[in-house]
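Coordinates in review
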Amino acid sequence: MGIKFRIFLFAVMLVFTINAQKTKGYQSEDWPVLTTYDVNHLAKIAMPIGGIGTGTVSLGGRGDLRDWEIMNTAAKGYIPTSEKLRYIGPFFALHTQTADGKKDTRVLEGPLDFSLYEGAFGSPKVNHGFPRFETCSFMAAYPFGQVLLSDKKVPLEVRIKAFNPFIPGDVNASGIPMAAITYELTNTTDKAIFASVCGNMPNFIGEDGSVREPKGRGEALIPVGAKENQNVFRKEKNAQGIFMSSKGVAKDFEAWGTMAMTTSSNENVTYRTSWGKEVWGNSRLDFWDDYSIDGRLENREHNGEDRPMASMAVELSVPASTSREVTFYITWHFPNRKTWTPAEDGISNMLTNYYTTQYKDAWDVVEKTMQQLPSLESKTKEFVNAFVNSDLPKVVKEAALYNTSTLRTQTCFRTADGNFYGWEGTSDNKGVCHGNCTHVWNYDQATPFLFGELSRSMREIEFAHATDDKGMMSFRVNLPLERANEFSRPAADGQLGAIMKMYRDWQMSGDNELLEKLWPKVKKAMEFCWIEGGWDPNMDGIIDGCQHNTMDVQYFGPNPQMGIWYLGALKAASKMADFSGDKKFAKTCTKLFKKGSKWIDENLFNGEYYVHHIEPPKSRDDIAAPLLKGLESKDLGSLDYQLGKGCLVDQLVGQFMAHICDLGYLTNQENIKTTLNSIMKYNLREDSSSGFNSMRSFVLGDEKSLVMASYPKERPLYPFPYFTEAMTGFEYTAAIGMMYEGQVENGLTNIKNIRDRYNGLKRNPFNEAECGNNYARAMASWGAVVALSGFHYSAVEKRMQFTSASGNYFWSNGNQYGTVVIENQGNDRLVKLTVLNGEVSLESLQLKGFGNTSFKNEKVLRQGEVQEFLIKRK
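Everything numeric in this text was worked out from a predicted model, so none of it was measured.

This structure, assessed with the given rule, holds 49 aromatic pairs. Taking the centre distance of 6.1 Å and the plane angle of 70 degrees together, the rings of tyrosine 78 and phenylalanine 204 count as edge-to-face. Pair noted here: tyrosine 78 is in the loop between strand 6 (65–69) and strand 7 (91–97) and phenylalanine 204 is in the loop between strand 13 (193–202) and strand 14 (229–235), with a separation of 126 residues, a long-range link. Judged by relative accessible area, phenylalanine 204 falls into the buried class, the value being 0%. Look at tryptophan 530 and phenylalanine 585: their rings are 5.9 Å apart centre to centre, the planes differ by 45 degrees, and that puts the pair in the tilted class. Separated by 55 residues along the polypeptide, tryptophan 530 in the loop between helix 10 (512–527) and strand 26 (546–548) and phenylalanine 585 in helix 12 (residues 583–603) bring together distant segments of the chain.

The subject of this paragraph is the pattern of salt bridges. Pairs may arise between side chains of opposite charge once their charged atoms sit close together. Per the counting criterion, the structure on display carries 54 salt bridges. Lysine 381 is paired through a salt bridge with aspartate 30; the nearest N and O atoms lie 3.3 Å apart. Here the residue lysine 381 occupies a position in helix 4 (residues 373–388), and aspartate 30 occupies one in the loop between strand 1 (26–28) and strand 2 (31–33), the gap between them amounting to 351 residues. Overall, the relative accessible area of 15% leaves lysine 381 in the buried class. Aspartate 30 sits in the partly exposed class, given a relative accessible area of 35%. With a closest N to O distance of 2.8 Å, aspartate 582 and lysine 523 form a salt bridge. Taken as a pair, aspartate 582 in the loop between helix 11 (560–579) and helix 12 and lysine 523 in helix 10 lie far apart in primary sequence, 59 residues in all. On the basis of relative accessibility, which here comes to 24%, the residue lysine 523 falls in the partly exposed class.

Below, the discussion takes up helix 2 (residues 282–294). Given 3.6 residues per turn, any residue in an α-helix points the same way as the ones three and four places further on. With 13 residues, helix 2 extends 19 Å from end C-alpha to end C-alpha; this agrees with the ideal 18 Å at 1.5 Å per step. Here helix 2 has its buried residues at Ser283, Arg284, Phe287, Trp288, Asp290 and Tyr291. Seen from one end, helix 2 has its buried residues packed into an arc of 165 degrees, which puts them on one side. Elements in contact with the buried residues of helix 2: strand 7, strand 8 (103–107), strand 13, strand 17 (268–272) and strand 18 (309–318). Where helix 2 ends, the next residue or the one after it, glycine 295, has phi of about 75 degrees, a positive value.

Counted as a void, the largest pocket has a volume near 970 Å³. Ala43, Lys44, Arg66, Lys762 and Asn764 are, among the 39 residues lining the largest pocket, the residues nearest its centre. Counting residues per element, the lining of the largest pocket draws most heavily on strand 6, which supplies 3 residues. When the residues that make up the lining of the largest pocket are grouped by side-chain class, the tally is 16 nonpolar, 12 polar and 11 charged.

Rules and cut-offs
- Residues numbered from 1 in each chain as written.
- Predicted model: local features only at pLDDT ≥ 70, side-chain atom pairs only at ≥ 80, totals over all residues.
- Heavy atoms only, no water.
- Phe/Tyr/Trp six-rings, centres within 6.5 Å; stacked < 30°, edge-to-face > 60°.
- Helix = DSSP H or I, 4+ residues; strand = E, 2+ residues; numbered from the N terminus.
- Buried < 20%, exposed > 50% of the residue type's maximum accessible area, 1.4 Å probe, protein only.
- Salt bridge = Lys/Arg side-chain N within 4 Å of Asp/Glu carboxyl O.
- Expected span 1.5 Å × (residues − 1).
- Arc of directions from axis to C-beta.
- Contact = heavy atoms within 4.5 Å.
- 1 Å grid on protein atoms, 1.4 Å probe; cavity = no way out; pocket = protein on both sides within 12 Å on 5 of 7 lines; lining within 4 Å.
- Points joined across faces, edges and corners; volume = space filled by probe spheres on them.
- Nonpolar A, V, L, I, M, F, W, Y, C, P; charged D, E, K, R; others polar.

Structure follows, in structure tokens:
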């Protein structure tokens, strides 16, 4: 990387750090902040709080709690309520009294958005009738979310701080079923103020946010019901609060379990385990009158509701010019998860969530976690600060960090054996497209680089369970695992990508035992390409058979998307075969790679980009049986749903993955650069208001995007269905590819275009959708961190690599993480390498394109250590 390019990169980073609505990363008090959203950009914000595989509740932009997705199903928009009219859901309130006796009571939320004002019976929004704070803003650096509230009528300023531990490499610490919510009260007056913070939450066990069909015409949809739920106040060693259980909900139901709303056992609290009986709003009025008098609560007898409301008020005095904090812990424990592929063959359709094997119930969660939480918070801050304070452009940090929230949502879960699973995404009330879908999860780079244990579990599922003895990998995994291969359909890109992912995860972890265990099936998966009627039956290095792929169709004939995935898989398989002692197989893969790479450049590159040669099969008999399943194009003589001569946005996804894996170039480097420039030329839509879209609209109005495919010369009558859409995971893939080729400005432009669409006003910054909410493919965004830092780590070779451009970078390999500072020292580079978590073994350190240093004896960098290395230019 030359000096001119480094100056250019610095300038581009500087430009893309500036955004009128968002601020550069800084520390607010002791919590990091990457993005600040003003009052005009709050309506769509819903930041998921919860652990990996536990479900979440989301902190809304105005300080409310929404999207209660803790009972094993998606529940977007769901806010549980107590009484029959469903006016009141979870909320927190503040009561204050000044020294001269002036009182004020209101909910701890900012103003309602105007869109929530209108309804047939007034505002339809839960909790609409409460007084609120007049000003509000939201600050985030995931997993930290903060809401700032103020009002000239309130003598305290309020900062709501919500988080759940998120520590790369530590899956269990990042998988706690808890939302920790702190209310920081700041007294700006010269006299002490009495305050009370009151948490209110219905016991909605049994009501998971899904819906039943209406029984008759005009009847409202009724949420799945709670039954005989109970609230009990408990005070024990570490915590006190309301423990929620159910007598009436069946114990084998997915929404059966326990919840708790607690605080420290040292606090002075009053509580209610039930509100009064509801008649014409009396229960609400009774609560408000009781709490508004003095900030204290008198208990009420159980009112007969199946979803009784629980309330707990914490009293404190806030001295003049001082801040005080009150923390509430919402915990949950719902063990029963229904398999995503239920059967009627006698095999159990119920799975057990991993997190529930770590705790007895929701109370056990808080008792075990509360004492550890300060250190877990400190470790989480260490990670986020290291990341936020790096010199990467802000849009890159935001895209990478905020999409990791998907790991906590109902898109993902873990079973009792610790295995990690993911839908593609979720609808508003259920998972969408089951099975660790290989051709979607191929794009994810957050999981392997932050939580390698989870990524490696996916490889084991793919090869040890989903791949049959002939090498056919089901691109969707059925559950329980005994039925993993029942789907029995391969996807070309999914299977080939899985081979590259196996190489990536083996290299970063150095888990030779895992490679030894899975290599026979990895080899079989590679050989499956060569079966009669398969993807490359004549073994010429060219994929041209019936290729089911991530566009949900089958391509026929050679094309760049599948062809370059194939080249990457061949290269990765060759290296794994060589390490495993299978020299003959390694040579076969290398030979096919060289032939295929040459052929693709000579035959598919049209001077601007790579194209698809559509080659219909002579008959269905020419297609291997496993590849025929789900065939969309019924007329094989006149094929529909092909790419053809289009410029595909992610035609170089295989090269993207090869760069991530440090496998080098798969086709001609100059052709790759030209192709990426052509994608920018033909696929960038500067204004979406004038472009026709025949499918789903993820981009509207004057928003900018990269469309899936453009046809500058010739278009099939019916191309693959999604060609007019724009979806973030594909856009990230192209943008990151541009960064790897030195086209940094173009790459950053595309990432900025995405994040401008997810700005809190129009869409949720923590939910990039595709075929469902919190879509897994969007986690490709972490690849930009890898690309701009130049990071690679091989635990097999004990080799670490970075860019030679000076700067402060964050690095992680799924097991350890840290920072690196690269400084110019005349013609040389000084490298300051810090390990913040775990320990790293090194035999060599390299700055790409600049130089390297090797060590006679292996160096072990332990947690907390900083070591300096001087690397001379070569």
